[in-house]
Amino acid sequence: MIALEVISYCFLIAGALFSIIGGIGLVRLPEFYSRMHGGGITDTMGAGLVIVGLILLAGPTLAAFKLFVILFFLTITTPSSSHALAKSALSKGLQPELDVESEVELPMLGEGIRQ
Amino acid sequence: MTPDLLPSDLTSAMLMATSVGVLVTMSLALVRATLGPTVFDRVLALNMFGTKTVLLISVVSFLTGRSDFLDLALLYSLINFVGMVALLRFTQYNSFSDNVPPREESP
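Quick caveat: nothing in here was measured; it's all calculated off a predicted structure.

A. Local environment of the nonpolar core. One finds A:Ile51, A:Leu54, A:Leu67, A:Ile70, B:Leu15 and B:Phe62 to be the most contacted residues of the largest nonpolar core, which totals 26 residues. When contributions to this core are tallied by element, the ones reaching two or more residues are α1 (2-28), α2 (32-58) and α3 (62-91) of chain A together with α1 (9-35), α2 (39-64) and α3 (69-93) of chain B. Sort the elements by how many residues they give to this core and α2(B) lands first, with seven residues. Counting residues in hydrophobic clusters, the runner-up holds 14 residues, among them A:Met36, B:Ala29, B:Leu44 and B:Met84.

Next up, the structure:
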């Protein structure tokens, strides 16, 4: 029982650390598409580890089931909202900043599909 | 332990450390939402803020021993998703209504 609690402490602290790292990335990274990476870390590793830690802390109870449902909805909704966000930004014509000159024309949805 | 019981001292300290980490992340997201040069940066930061709110409510539920907060967390995650999609629709079409200009078929 003590071992389970220690494992859940590790998950909780690791989740908090991943959240802070992603938050720093969200503030410090140079442009929008890189900032999405920082946001993605907090949404997957941060939220996932914290909720798994809480599930381990709760044991086989109704609270653990509710936490599992929250985790399920988060894993469904955050990638789809990230996808919608990136697609919306791309279709508005927001160009990614690259270190090198790209030889490939990036497909801009705003010019090709929608006026 | 279940969230219906108050946590022990060590568990309480760990939960408090986790909630402090989540709160720091929420303030960093607010910094980006204030600075953000484009509207998409602000939407990204607000989406992250909503996810972190769900986490914070869950942790506080364990910290205060009230398991009904978990229902609020579940509801908040769903509302966050709907609000996010609505905001993106607004930024794309400048309207919340169904009357959007028809999409041109790509050849």
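Structure shown, so let's carry the discussion forward.
B. Representation of α2(B) in the model. All names here are of chain B. An ideal rise of 1.5 Å per residue puts 38 Å on 26 residues; α2 measures up with 37 Å between its terminal C-alpha atoms. α2 sits mainly inside the fold: 20 of its 26 residues count as buried. Just past α2, the residue Gly65 takes up positive phi, approximately 70 degrees.

C. Quick look at the interface of chain A and chain B. Listed as interface residues are 48 residues of chain A and, on the opposing side, 48 residues of chain B. Counting each side, the surface lost to burial between chain A and chain B is near 4,300 Å², with a carbon and sulfur contribution of 72%. The interface formed by chain A and chain B contains two salt bridges. For the salt bridge of A:Lys66 with B:Asp71, the shortest nitrogen-to-oxygen distance reads 3.4 Å. For the interface between chain A and chain B, the tally reads nine residue pairs in polar contact (both at pLDDT 80 or more). The set of elements that each furnish at least two residues to the side of chain A that touches chain B consists of α1, α2 and α3 of chain A. The leading source of residues in the side of chain A that touches chain B is α3(A), at 17 residues. Taken together, the residues that form the side of chain A that touches chain B break down as 28 nonpolar, 13 polar and seven charged.

Rules of the game
- Residues numbered from 1 in each chain as written.
- Chains lettered and ligands numbered in written order.
- Predicted model: local features only at pLDDT ≥ 70, side-chain atom pairs only at ≥ 80, totals over all residues.
- Heavy atoms only, no water.
- Core = buried A, V, L, I, M, F, W, Y, C linked by side-chain atoms within 4.5 Å.
- Buried < 20%, exposed > 50% of the residue type's maximum accessible area, 1.4 Å probe, protein only.
- Helix = DSSP H or I, 4+ residues; strand = E, 2+ residues; numbered from the N terminus.
- Expected span 1.5 Å × (residues − 1).
- Contact = heavy atoms within 4.5 Å.
- Buried area = accessible area lost by both parts, 1.4 Å probe.
- Salt bridge = Lys/Arg side-chain N within 4 Å of Asp/Glu carboxyl O.
- Polar contact = N/O pair within 3.5 Å; in protein donor to acceptor, adjacent residues only side chain to side chain.
- Nonpolar A, V, L, I, M, F, W, Y, C, P; charged D, E, K, R; others polar.

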